[in-house]
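# Structure assessment
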Amino acid sequence: MDSTRELRARTQLDRLGFKYPDIDGYIAKFEDLITQANYNLASQEAINLFLKGFSKNRSLLDKVFTPPVPVTYDAMKRRLIAIVKSMQLVNSIAQNAPDFRTFRNNLQRPPP
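Quantities reported herein were computed from a predicted structural model and do not represent experimental measurements. (Residues numbered from 1 in each chain as written. Predicted model: local features only at pLDDT ≥ 70, side-chain atom pairs only at ≥ 80, totals over all residues. Heavy atoms only, no water.)

Let's shift gears to the overall build of the protein. Helix and strand content of the protein: 6 helices and 0 strands. The order of α-helices and β-strands along the protein, N terminus first, is α-α-α-α-α-α. Per-residue burial for the protein yields a buried fraction of 29% across its 112 residues. In the protein, 57% of the contacts between residues at least 6 apart in sequence involve partners at least 24 apart. In the structure as shown, the protein presents an accessible area of about 7,800 Å², 55% of it carried by carbon and sulfur atoms. (Helix = DSSP H or I, 4+ residues; strand = E, 2+ residues; numbered from the N terminus. Buried < 20%, exposed > 50% of the residue type's maximum accessible area, 1.4 Å probe, protein only. Contact = heavy atoms within 4.5 Å. Areas by Shrake-Rupley, 256 points an atom, 1.4 Å probe, with all protein chains shown as cover.)

The structure is reproduced here in structure tokens:
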């Protein structure tokens, strides 16, 4: 393997960050860079790099580490995918929900 390619991949891994809501893109890029960097995906170092990418999304990390705490890369990946997909669903529902003020005003109006 080309050592400069490996070094570039390690540098990119160190800087890689998750941008909501693109969990699939983050995972694909992470796994590609892990391979290029010649890391073992199951290693603690790889898991730490994976989680480091979520450092600006504290609420996601808090949710990942609620019991039962996943300990393998695959388990953390599955948990994060589920959390992000749930957040997307909740946001979608909230965007289509009626405005609370409209709801409250409708409750205060006398029936026709």
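Following the structure, the description resumes.
Let's shift gears to unusual backbone geometry. Apart from glycine, the bulk of residues carry a negative phi angle, and the bulk of peptide bonds sit in the trans form. Put simply, Tyr20 and Pro21 share a cis peptide bond, and its omega is 10°. By the element assignment, Pro21 lies in the loop between α1 (3–15) and α2 (23–36).

On to the packing of α2 against helix α5 (residues 73–96). At their nearest, the axes of α2 and α5 sit 10 Å apart, and the two run at 155° to each other. Taken together, the axis directions place α2 and α5 in an arrangement best described as roughly antiparallel. Within the contact between the two elements, α2 uses Ile23, Asp24, Ile27, Phe30 and Glu31 and α5 uses Tyr73, Lys77, Leu80, Ile81, Val84 and Lys85. Its residues placed into classes, the contact of α2 with α5 shows 7 nonpolar, no polar and 4 charged. (Axes fitted to C-alpha atoms, helices over the stretch in contact; angles between N-to-C directions. Parallel < 35°, antiparallel > 145°, perpendicular 65-115°, else oblique. Nonpolar A, V, L, I, M, F, W, Y, C, P; charged D, E, K, R; others polar.)

Before going further, it helps to examine the packing of aromatic side chains. Under the counting rule described, the total for this entry stands at 9 aromatic pairs. Centre to centre, the rings of Tyr26 and Phe50 are 5.7 Å apart; their planes meet at 40°, and the pair counts as tilted. Of this pair, Tyr26 sits in helix α2 while Phe50 sits in helix α3 (residues 44–52), and the two are 24 residues apart along the sequence. Assessed through its relative accessible area of 0%, Phe50 is described here as buried. Relative to Tyr73, the ring of Phe50 has its centre 4.9 Å away and its plane inclined at 75°; by these criteria the two rings are edge-to-face. Within this pair, whereas Phe50 is found in helix α3, its partner Tyr73 is found in helix α5, the two being separated by 23 residues in sequence. (Phe/Tyr/Trp six-rings, centres within 6.5 Å; stacked < 30°, edge-to-face > 60°.)

We now examine α5. Between the first and last C-alpha of α5 there are 35 Å, a value that for 24 residues agrees with the 34 Å anticipated at 1.5 Å per step. Restricting attention to buried positions, one finds in α5 the residues Tyr73, Ala75, Met76, Lys77, Leu80, Ile83 and Val84. Those residues of α5 that are buried are in contact with α2, α3 and α4 (58–64). (Expected span 1.5 Å × (residues − 1).)

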